[in-house]
Amino acid sequence: MAQKYQKAVAVEKENIVVDGVDVSGHWNRMFEQRVIFEYTPELIEKIASIPNAESFANCYQCAKCVAVCPVDVVGNYGPRKLYRYAQTGMDLTEAPELWLCTTCANCLRVCPKEVNMVKIMPAAREQAILEGKFVPNELQQAFENTAKTGNPLGQPQRKRDAWIQSAGVPVPIIKDVGRPVDVLWYVGSYPSYHPRGIDAACAAARIFNALGIDFAILGKEEKDDADSQRLAGEKGLFEMMAEYNIATFNKYEWKEMVVTGPHELNAFKNVYPKYGFERPVVHYTTFLARHLDQLKPLLKHPVNKKITYHDPCYLGRHNGEYEAPRKLLEAIPGVELVEMQRNRENGYCCGGGGGGMWLDSFTAQHTTMRLSEKRAMEAASTGANVLAVACPFEVSRFTDAVKSTGNEHVDVLDILELLDRSMRGE
Amino acid sequence: MNIVVAIKHIPSIADDLPVKGNNVDFDSVDFVLNEWDEHSIEQAVLIKEAVGGTVTVVGVDLIGELDNALHLALAKGADKVVKITADDPAADSHQQAKWLAEAIKGMGADMVFAGVQASNDIDGQIGPMIAAYLDMPYIGGTSAIEVSGSTATVSKEFPGGVGMKYAVTLPFVAGVQSAPKPPRYAPVSKVRQMAQTATVEKVAPSGEASSGLAFKKMAPPVVTGHAEMIEGSPKEVAAKIVELLKSRGLA
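Residues numbered from 1 in each chain as written. Chains lettered and ligands numbered in written order. Predicted model: local features only at pLDDT ≥ 70, side-chain atom pairs only at ≥ 80, totals over all residues.

Another point: the overall build of chain B. When helices and strands are tallied, chain B shows 6 helices and 13 strands. By its C-alpha atoms, chain B is 65 × 45 × 40 Å across when sized along the principal axes. Here chain B holds 251 residues, and 39% of them are scored as buried. Long-range pairs, those at least 24 residues apart, make up 73% of the contacts in chain B with a sequence separation of at least 6. (Helix = DSSP H or I, 4+ residues; strand = E, 2+ residues; numbered from the N terminus. Buried ≥ 20, exposed ≤ 12 C-beta atoms within 10 Å, placed from the backbone. Contact = placed C-beta atoms within 7 Å.)

Here's what the structure looks like:
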């Protein structure tokens, strides 16, 4: 087969007869009315005319986004489809589709036209909220809780630092320390209040103490970062919280802020600068990986587990940190790290971003299964017995998901908890 | 259509009940809008949207923090807000009803809505007392109110799933159990905009009334027994629950 292939050249013919039939069809349709489709470009224009949502109109229907959209894997979704639905009559500001996007940004990674759902969705949602359109109840509750109590869980502000009682090590409050500290640790709402989040917060406190880090927390002065509320369309709420938080952060002297959650990292590093806050912020995985030489000798006890790591969208795709979490896990003696098929840049979303954390029941009505359940099944299929996470939204989401998919044998643990176990030998 | 909504600010004891003397320690609790009043406001705004008119929200400012609730009401569609500057956190619902009635008297209301009750005292008297002071008829426990001309169709729910509709001639006072739709969401940007631009009208408290009741003692509920935690695997636990229900004649 040494034959050299040439590019195919189309040959046009006026007609061709096959089995006695002229297949050009001119004899029966060339002069007839052709099928004409009617579209509603004004519904695309309606979205594209909202500030920050302009790129919605860029879509040229290539469908690369659909292949990576985590919602499409469990449903019928994706930016391309939204454009098509809008073309055929869907007003996105009134459709359930408005609330399904988790702003995971995998579509943006592959989109040749830079259709940016991370900007489009918050803008369209904000418009819908301001116009008094339908807002799912559970999301509304999270908004109201954040505005009233300073956290989406609706827990009292004065109990924000109650968790430190169970840490077993000193957790200094910056107001009481009365001097500059190296690290301001922003704990976050879920690590402060959610029982499984508190486990991670306590683990972090023990690790920071063991490493001799000069740290303090804001205690009762800490309030939610509100970045996910912003992405869910409540920009006014976000701005109110940002103003409070920036004023609070700037009350004290500290060199670097360490955050437990990727959403807080995204807020303080990428969004708060637009509101005048520009100080160094790192995620705890980045921070601890930097202290790996001091940390390694402390990891005395083997954790004999096969572990798979789930990349949080807001740590990975949004902030480019893929290696630090893996370095930390590999530093634990006894750990065998295995990868899920979708990892790093193509990591599958847990469903909690962009307000999804507070849309669980709503999303479940419009998908065949929860995104967290799909991911839990992927984790189980690697043969791992631990699903390691680095985002406070994920522990509760995946703990439920391994149960509902019959994979209870997979433990869902924050990397902080795994490091703490290796340190303490539990 | 001139609709007046009488609201009540109440101590939030969702978390715990701080006590000082024989009453709530008002300095250690946050005050929130009574949940039924959120439905009153929603009901009023729904009627305004359907037939036009104005919604005026009026409440007693017990601790100087009522503005937040009033700005929220404006963001949800109220047109005018009024606070009665009482500065008396212990004022009971009878006293509040008197102050509210005096403030509402000159407003020429076609309808006055009040939450059917409030969760702090479960007294349910504000609506009926305002009606008595204003010499207007009262209908309580409403689940939907629709207005056509000078008549309102008022839905009420009764125990056992029985519903009834009343034709009520305006003007009247209603104790709202619920709006036909869940209270709408007010975006924070709108609430903040209202806080910056809106005027809250101030009225001095006028008139005296009392329920004649006095608190003898207030204390958080005493825990007398604890829930029994059933141990075991999910299957064992389920079996024990079934056994328990059967033994108590519940299944």
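After that view, the rundown keeps rolling.
The subject of this paragraph is the overall build of chain A. Scanning chain A from terminus to terminus reveals 20 helices and 10 strands. Dimensions of chain A, computed from the C-alpha atoms along their principal axes, are close to 90 × 60 × 40 Å. Pairs at least 24 apart in sequence give 77% of the contacts found in chain A among residues at least 6 apart.

Our focus in this paragraph is the sheet that holds strand 9 (residues 138–148) of chain B. All names here are of chain B. On the basis of which strands lie adjacent, the open sheet formed by 9 strands has the order 11-10-9-12-8-1-6-7-13 and mixed pairing. The sheet is open, and its two edges are formed by strand 11 (162–169) and strand 13 (200–203), each paired on a single side. Across this sheet, the average inter-strand angle for adjacent strands is 30°, counted without regard to direction. Packing of helix 3 (residues 93–104) onto the sheet brings it into contact with strand 1 (2–7), strand 6 (54–61), strand 7 (80–85), strand 8 (111–115) and strand 13, and relative to strand 6 it is tilted by some 140°. (Pairing = 2+ DSSP bridges. Axes fitted to C-alpha atoms, helices over the stretch in contact; angles between N-to-C directions.)

Our focus in this paragraph is helix 1 (residues 35–51) of chain B. All names here are of chain B. Taking 1.5 Å of rise per residue, 17 residues should cover 24 Å, and helix 1 covers 25 Å from first to last C-alpha, within 8% of that figure. Judged by how many residues are buried, helix 1 sits mostly within the fold: 12 of 17 residues are covered. If you check which residues of helix 1 are buried, you get Trp36, Asp37, Glu38, His39, Ser40, Ile41, Glu42, Gln43, Ala44, Val45, Leu46 and Ile47. Immediately downstream of helix 1, the backbone of Gly52 shows phi near 85°, a positive value. (Expected span 1.5 Å × (residues − 1).)

Moving on, we come to the packing of helix 10 (residues 195–210) of chain A against helix 20 (residues 415–424) of chain A. Residue and element names in this part refer to chain A. Between helix 10 and helix 20, the least distance of the axes is 8 Å, while the angle of their chain directions is 50°. What the angle tells us is that helix 10 and helix 20 run oblique. Viewed along their axes, helix 10 and helix 20 form a crossing whose handedness is left-handed. Every residue of helix 20 that contacts helix 10 at Asp199, Ala200, Ala203, Ala204, Arg206, Ile207 and Ala210 is listed here: Leu416, Glu417, Leu419, Asp420 and Met423. Grouping the amino acids of the contact of helix 10 with helix 20 by side-chain chemistry returns 8 nonpolar, no polar and 4 charged. (Parallel < 35°, antiparallel > 145°, perpendicular 65-115°, else oblique. Left-handed = near helix turned anticlockwise from the far one by under 90°. Nonpolar A, V, L, I, M, F, W, Y, C, P; charged D, E, K, R; others polar.)

A few words now on the pairing of strand 7 (residues 306–309) of chain A. Residues and elements named next belong to chain A. As paired elements, strand 7 and strand 8 (residues 336–338) share 3 bridges and run parallel to each other. From the neighbouring strand, Ile307 faces strand 8, where its bridge partner is Leu337. Crossover connection from strand 7 via helix 16 (residues 323–330) to parallel strand 8: handedness right-handed. Both strand 7 and strand 9 (residues 386–389) contribute to a ladder of 3 bridges, which runs parallel. Counted as the bridge partner of Tyr309 is Ala388 from strand 9. (Right-handed = clockwise from strand over helix to strand, strands pointing away.)

Right, let's get into the interface of chain A and chain B. Note on interface size: it is often stated as the accessible area lost on association of the parts. Taken residue by residue, the interface counts 14 residues in chain A and 8 residues in chain B. Residues of the side of chain A that touches chain B, tallied by class, amount to 8 nonpolar, 4 polar and 2 charged.

This part is about helix 4 (residues 79–87) of chain A. All names here are of chain A. By the burial criterion, the buried members of helix 4 are Pro79, Arg80, Lys81, Leu82, Tyr83 and Ala86. On the buried face of helix 4, the contacting elements are helix 1 (41–48), helix 2 (64–68), helix 5 (106–110) and helix 6 (117–130). Backbone geometry just downstream of helix 4 places Gly89 in the positive-phi region, at approximately 115°.

Residues and elements named next belong to chain B. The buried count for strand 1 comes to 5 of 6 residues, which makes it a mostly enclosed element. Summarising the sheet, strand 1 and strand 6 pair through 6 bridges and their orientation is parallel. Across the sheet, the residue bridging to Asn2 is Thr54, located in strand 6. Note that strand 1 and strand 8 share 4 bridges and pair parallel.

The next point concerns the sheet that holds strand 5 (residues 254–259) of chain A. Residues and elements named next belong to chain A. Here 4 strands make up an open sheet; going across it, the order is 4-3-5-6 and the pairing parallel. What marks the edges here is a single partner per strand, and that holds for strand 4 (215–217) and strand 6 (281–283). Taken over all neighbouring pairs, the strand axes of this sheet differ in orientation by 30° on average, direction set aside. Where strand 5 lies against strand 6, 3 bridges are found, and the strand directions are parallel. Looking at strand 6, one finds that Val258 is bridged to Val282. This element, helix 13 (residues 262–271), spans strand 3 (181–186), strand 5 and strand 6 of the sheet and lies at about 160° to strand 6.

All names here are of chain A. Mapping Gly154 onto the fold places it in the loop between helix 7 (137–149) and helix 8 (174–177). Looking at Gly154, the number of C-beta atoms within 10 Å reads 16, which means it is partly exposed. In this structure Gly154 touches Asn145 and Thr149, once residues within four positions along its chain are discounted.

Moving on, we get to the packing of helix 3 of chain B against helix 4 (residues 126–134) of chain B. All names here are of chain B. Remark: helix 3 packs on helix 4, axes separated minimally by 9 Å, with the N-to-C direction vectors making an angle of 45°. What the angle tells us is that helix 3 and helix 4 run oblique. Here the hand of the crossing between helix 3 and helix 4 comes out right-handed. Along its contact with helix 3, which presents Ser93, His94, Gln96, Ala97, Lys98, Leu100, Ala101 and Ile104, the element helix 4 presents Ile126, Met129, Ile130, Tyr133 and Leu134.

Moving on to the nonpolar core. Within the largest apolar cluster, 192 residues are counted, with the highest numbers of intra-cluster contacts made by B:Ala6, B:Leu100, B:Ile104 and B:Ile130. Of all the elements, helix 10 of chain A adds the most residues to this core, at 9 residues. Sequence-distant contacts of B:Ala6, defined by excluding residues within four places in its chain, comprise B:Val58, B:Gly59, B:Leu100, B:Ile104, B:Val112, B:Ala114, B:Ile126 and B:Ile130. (Core = buried A, V, L, I, M, F, W, Y, C linked by C-beta atoms within 7 Å.)

What follows covers the domain arrangement of chain A. All names here are of chain A. Along its sequence, chain A is organised into domain 1 (41–130), domain 2 (141–290) and domain 3 (298–424). When each unit is reduced to the centre of its C-alpha atoms, the spacing between domain 1 and domain 2 is 31 Å. Opposite the 6 residues of domain 1 that make contact, domain 2 presents 6 residues. (Domains from an automatic or database assignment.)

With that out of the way, let us pick up the confidence of the model for chain B. Caution applies to low-pLDDT parts of the model: their predicted coordinates are not meant to be read in detail. In the predicted model, chain B carries a mean pLDDT of 93, and the fraction of residues at 70 or more is 99%. For this predicted complex, the interface confidence reaches an ipTM of 0.79, while the overall pTM sits at 0.86. (pLDDT = per-residue confidence, 0-100.)

Below, the discussion takes up unusual backbone geometry. All names here are of chain B. With an omega of -5°, the peptide bond running from Leu170 to Pro171 counts as cis. One non-glycine residue, Asp87, adopts positive backbone phi at about 50°. You can see Asp87 is positioned in the loop between strand 7 and helix 3.

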